[in-house]
Amino acid sequence: MSRIYVGGTLAVPEGKDAEFRRVVEELVGTVRSSDPGTVSVGFFPDPGRPGSYEVQEVYADAASQWAHVQNVGALLGELGDLGVSLEDFTVAGEPTAEARAALDALGVTYVPVVAEV
């Protein structure tokens, strides 16, 4: 079974950076304690675009990715409440039908995994 890879760009409204980082730190703590199938999640500022962050995620399999979505749903809602928007979002691999239904509303681009280690 193939891993699931997720990547995207988040736009954080001006003046909301500290709140964004607080929610992201809480999200990472939730992942550490509740998402055993999450291989990695990372948030990185884009130095050329103030207020933009790249997010990269890797899941052991599709079920792990869906469990992650369920575990952090409330925190994702908090990011939305801050006005954080998703500029682009790509999922590589084949998510579960439930995950796909949840992600489709976000305008996700799906691509196959070509090769992995």
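You'll find the structure just up there.
Here's what I pulled together on the structure shown here.

**Digging into the overall build of the protein chain**
Next, step 1: When its secondary structure is counted, the protein chain shows 3 helices and 5 strands.
Next, step 2: Ordering the α and β elements of the protein chain from the N terminus gives β-α-β-β-α-β-α-β.
Next, step 3: Its C-alpha atoms give the protein chain a radius of gyration of 14 Å, within 12% of the compact-globule value 13 Å for 117 residues.
Next, step 4: Oriented by its inertia axes, the alpha-carbon framework of the protein chain measures out at about 40 × 30 × 25 Å.
Next, step 5: Within the span of the protein chain, comprising 117 residues, buried residues form 38% of the whole.
Next, step 6: If you take every contact in the protein chain between residues at least 6 apart in sequence, the share linking residues at least 24 apart comes to 66%.

**Observations concerning helix α1 (residues 17-34)**
Next, step 1: Across its 18 residues, α1 extends 25 Å between first and last C-alpha, which sits within 8% of the 26 Å expected from 1.5 Å per residue.
Next, step 2: Of the residues making up α1, those classed as buried are F20, V23, V24, L27, T30 and V31. Viewed along the axis of α1, the buried residues span an arc of 115 degrees, placing them on a single side of the element. For α1, the exposed residues set more than 90 degrees away from the buried face come down to A18, E25, R32 and S33.
Next, step 3: Buried-residue contacts for α1 involve β1 (4-11), β2 (38-45), β3 (52-59) and α2 (62-81).

Cut-offs and rules
Throughout this description, residue numbers start from 1 for each chain and increase along the sequence as written. For this predicted model, a pLDDT threshold of at least 70 governs which residues receive local features, and a threshold of 80 or more governs which side-chain atom pairs are given and counted, while totals over whole chains, interfaces and linings are taken from all residues. To get the side-chain values, take all heavy atoms of the structure and skip hydrogens and water. Helix numbering and strand numbering both begin at the N terminus, where a helix is a DSSP run of H or I of at least 4 residues and a strand a DSSP run of E of at least 2. Radius of gyration: over C-alpha atoms. The globule rule applied is 2.2 Å multiplied by the number of residues raised to the 0.38 power. Exposure classes here rest on a 1.4 Å probe applied to the protein chains alone. A residue is buried below 20% of its type maximum, exposed above 50%, and partly exposed in between. In this description, contact between two residues means that some pair of their heavy atoms is separated by no more than 4.5 Å. Here, expected helix span is obtained from the residue count minus one, scaled by 1.5 Å. By construction, the arc corresponds to the directions joining the helix axis to the C-beta atoms.

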